[in-house]
Amino acid sequence: MAQIRLQEVQRSKQFDWVVRLRPDIQFTYPLGNIRVYDGSFVHAFSALHSEIWDGFALIPRHFADKYFSARQYGGTEYCWLEGPSARAARSSDCQTRLGLHLEAEGVPVARSFPRSLLEVVRPQGYDPEKDYITQTGKGLVRTSEDPRAQE
């Protein structure tokens, strides 16, 4: 959110919408005119087991601070859960945390998109058994170290 706020200060105007898009995702077809989306909802789609998928969302600016504070909701930077809360999670821990956080904050979510809208695009040679892609101060970094092991 710091980059969004900086851009808003530089242009002396707040954005109407913020798009959350995972860096390894691409659209398979256009979203269309943003004016058709209701600004009183965060627009996303359901992951497996109907949780909100955390890889893409259209977020009205007035919900953006709440949406992007979901990581702090769990008390750690990483989403991986341990213990009883992990057993209660139905899909990824980040999705569980995001859904619980938005619900607690009273943020309404519309599941507006079909799964066919997006596809995952990974670097050539990517091996999910060996490669981790993590966010650092220098951007996305591909590494063979599990970031969870550093906590």
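Residues numbered from 1 in each chain as written. Predicted model: local features only at pLDDT ≥ 70, side-chain atom pairs only at ≥ 80, totals over all residues. Heavy atoms only, no water.

### Some remarks on the nonpolar core
Now for step 1: Among the nonpolar cores identified, the biggest contains 15 residues, and Val42, Ile59, Tyr67 and Leu102 are the most heavily contacted of them.
Now for step 2: The element that contributes the greatest number of residues to this core is helix 2 (residues 61-67), accounting for three residues.
Now for step 3: Among residues more than four places away in sequence, those in contact with Leu102 are Ile52, Lys66, Tyr67, Val107 and Val109.
Now for step 4: In this structure, Trp17, Phe45, Trp53 and Leu58 belong to the second largest nonpolar core, which totals 10 residues. (Core = buried A, V, L, I, M, F, W, Y, C linked by side-chain atoms within 4.5 Å. Buried < 20%, exposed > 50% of the residue type's maximum accessible area, 1.4 Å probe, protein only. Helix = DSSP H or I, 4+ residues; strand = E, 2+ residues; numbered from the N terminus. Contact = heavy atoms within 4.5 Å.)

### Description of the packing of aromatic side chains
Aromatic ring pairs are reported here in terms of the distance separating the ring centres and the angle at which the planes meet.
Now for step 1: Here the structure, examined in full by the defined rule, presents five aromatic pairs.
Now for step 2: Ring centres of Tyr37 and Phe113 lie 5.6 Å apart, and the angle between their planes is 45 degrees; on these two criteria the pair is classed as tilted. Pair noted here: Tyr37 is in the loop between strand 2 (25-27) and strand 3 (42-44) and Phe113 is in the loop between strand 5 (109-111) and strand 6 (118-120), with a separation of 76 residues, a long-range link.
Now for step 3: Between Arg11 and the ring centre of Phe15, over which it is positioned, the NZ or CZ distance is 4.4 Å.
Now for step 4: Over the face of the ring belonging to Trp53 we find Arg115, whose NZ or CZ atom lies 5.1 Å from the ring centre. (Phe/Tyr/Trp six-rings, centres within 6.5 Å; stacked < 30°, edge-to-face > 60°. Lys NZ or Arg CZ within 6 Å of the ring centre and 35° of its normal.)

### What to know about a nonpolar patch on the surface
Now for step 1: Judged by side-chain polarity, Val19, Leu21 and Phe27 come together as a nonpolar surface patch covering roughly 220 Å² of accessible area.
Now for step 2: With respect to the helices, strands and loops of the structure, Leu21 is situated in strand 1 (residues 17-21). (Patch = residues over 30% accessible without salt bridge, like charges linked within 9 Å, V, L, I, M, F, W, Y side chains within 5 Å. Areas by Shrake-Rupley, 256 points an atom, 1.4 Å probe, with all protein chains shown as cover. Salt bridge = Lys/Arg side-chain N within 4 Å of Asp/Glu carboxyl O.)

### As for the pattern of salt bridges
Now for step 1: Inspection of every chain in the model, using the stated rule, returns four salt bridges.
Now for step 2: Ionic pairing is found between Arg22 and Asp24, a salt bridge with its closest N-O pair at 2.6 Å.
Now for step 3: Using a relative accessible area of 23% as the deciding quantity, one classes Arg22 as partly exposed.
Now for step 4: The residue Arg61 makes a salt bridge to Asp65 at a minimum N-O spacing of 3.1 Å. Here Arg61 and its partner Asp65 are both found in helix 2, four residues apart, which amounts to about one turn of the helix.
Now for step 5: Arg61 gets classed as buried once you look at its relative accessible area, which sits at 6%.
Now for step 6: It is possible to trace a salt-bridge network through shared partners that takes in Arg5, Glu8, Arg61 and Asp65.

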